[in-house]
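Here are the chains, one letter per residue:
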Amino acid sequence: MNTKRISVGFIGLNPDSHWASMAHMPALKSLPDDFEVVGVANSTPESAQRTAKAFNLPHAFATPHDLVSSDAIDLVVVTVKVPYHYELVTAALNAGKNVHCEWPLGNGLAEARKLTELAKDKGVVATVGNQMRVAPEIQYLRRLIADGFVGDVLSTSLIGDGGNWGAETVADLAYLFDKSNGATLLTIPFGHTMAGLKEVLGDFAEVSGRMLKRRDVVHITDTGETVPTTAEDQIMVHGVLQSGAAFSAHYRGGLSRGTNFLWEINGTEGDIQVTGDIGHGQMTQLSILGARGEDTEMKPLTPPAEMYNGLPESVIPRNVACVYARIANDIRNGTREAPSFEDALKLHELLDAIEQSSKRSSKE
């Protein structure tokens, strides 16, 4: 096995804030035998230089093109806003690099399909950040279902709040309220959670949805502005899984004073509840409760301690580290265990089917 550390170059890494520094950097530091972050390219050369200095990186590239063309980089990690994914991932793939891109893969189904086809043509490891799929709690839940804890799954239901897409936001997150940017309640929290649900219960056989925009404006607290919104803040979905189990979900913008994440799985022999503080299943600490047989109340179902060995204590970098561990294995051994572009395309297809169903319903 190739034991050389994989050299990572980031497109979109800032020491002051943002997802990459909060999630990716501590995740990679927890895997020192597998990865070494060596370079960065940002929107300006000055930003790259500042980041390289802050993280003690040897390479500050003037442009993303310089980064993807460099022999110093084995894996390009794209952590910029969704509208820029297509151009930057395309450049990295055309340079023959392995690529890890944040979810959503593309701004819509068409971009995701093109990127998946290009990655297949290039024969590289191309992965996406659907980290809920590989979270220890989800892997443990998958084992419980496979081992028959609930018997045959009859139905599953979800309720979740997006945190964003409510009445207020800050300037850095205002782009989420513009549907054309592709970073919406549907694509981010709902999409991430669907990746986790599919990991546990399998794919969908059919799905229908209705998406509503109940808020016409959002107040930006740090600027005092009030701007129009175009992204829906209510998502209702129902369908049937390939197993025959019934599925329903309601995702809401903002946060509730009550339930912010509840996922139930009901079967012939038992029931499971999964709860969290927010509807982003990829970055909230999930708790599992279950009851079966003669049980009269739910009891905690805790993953074995060894499932957390070597992982960061905090849930956000921990789940991302689980993805990177699989990426290292894929690159070194030719496996395909990490969430791939092909997996991302299937998820994009599911979300597109929901959106198209909603459009048809609104015309009826």
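Here the structure is a predicted model, which means the values were calculated and not measured.

Definitions and limits used
- Residues numbered from 1 in each chain as written.
- Predicted model: local features only at pLDDT ≥ 70, side-chain atom pairs only at ≥ 80, totals over all residues.
- Heavy atoms only, no water.
- 1 Å grid on protein atoms, 1.4 Å probe; cavity = no way out; pocket = protein on both sides within 12 Å on 5 of 7 lines; lining within 4 Å.
- Points joined across faces, edges and corners; volume = space filled by probe spheres on them.
- Helix = DSSP H or I, 4+ residues; strand = E, 2+ residues; numbered from the N terminus.
- Pairing = 2+ DSSP bridges.
- Phe/Tyr/Trp six-rings, centres within 6.5 Å; stacked < 30°, edge-to-face > 60°.
- Lys NZ or Arg CZ within 6 Å of the ring centre and 35° of its normal.
- Axes fitted to C-alpha atoms, helices over the stretch in contact; angles between N-to-C directions.
- Parallel < 35°, antiparallel > 145°, perpendicular 65-115°, else oblique.
- Left-handed = near helix turned anticlockwise from the far one by under 90°.
- Contact = heavy atoms within 4.5 Å.
- Nonpolar A, V, L, I, M, F, W, Y, C, P; charged D, E, K, R; others polar.

## Section: the layout of surface pockets
- The computed volume of the largest pocket comes to approximately 1,200 Å³.
- In terms of lining, the largest pocket is formed by 41 residues, of which the most central are His18, Trp19, Thr79, Lys81 and Tyr175.
- Looking at the lining of the largest pocket, the elements that each hand over two or more residues are helix 1 (19-29), helix 4 (85-94) and helix 7 (186-201).
- Looking at which element gives the most residues to the lining of the largest pocket, the answer is helix 1, with 3 residues.

## A closer look at the sheet that holds strand 5 (residues 98-101)
- The parallel open sheet is built from 6 strands, whose spatial order is 3-2-1-4-5-6. Looking along the sheet, the strands with just one partner apiece sit at the ends: strand 3 (59-60) and strand 6 (126-128).
- Pairing geometry for strand 5 and strand 6, over 3 bridges, is parallel. Residue His100 lies in a different strand from strand 6, and its bridge partner there is Thr127.

## Brief notes about the packing of aromatic side chains
- Counting across every chain of the model gives 3 aromatic pairs.
- Considering the side-chain rings of Phe190 and Tyr251, the 5.3 Å spacing of their centres and the 80 degrees angle between planes classify their relative orientation as edge-to-face. Taken as a pair, Phe190 in helix 7 and Tyr251 in strand 13 (residues 246-252) lie far apart in primary sequence, 61 residues in all.
- A cation sits over an aromatic face here: Lys81 above Tyr175, 4.3 Å from the ring centre.
- Over the ring of Phe149 we find Arg292; its NZ or CZ atom is 5.4 Å from the centre of that ring.

## Details of the packing of helix 5 (residues 109-122) against helix 9 (residues 341-363)
- Following both chains from N to C, one finds helix 5 and helix 9 inclined at 160 degrees, their axes separated by 9 Å at the closest point. With respect to each other, helix 5 and helix 9 are oriented roughly antiparallel. Between helix 5 and helix 9 lies a crossing of left-handed hand. Touching Leu109, Ala112, Arg113, Leu115, Thr116 and Ala119 of helix 5 are Phe341, Glu342, Leu345, His348, Glu349 and Asp352, all from helix 9.

## Details of the packing of helix 6 (residues 136-146) against helix 7
- For the pair helix 6 and helix 7, interaxial distance at closest approach is 8 Å and the crossing angle is 30 degrees. Between helix 6 and helix 7 the crossing geometry is right-handed. Facing Ile138, Gln139, Leu141, Arg142 and Ile145 of helix 6, the residues of helix 7 in contact are Gly196, Glu199, Val200 and Leu201.
- Among the residues making up the contact of helix 6 with helix 7, the classes are represented as 5 nonpolar, 2 polar and 2 charged.

The values are spatial; any link to function lies outside them.
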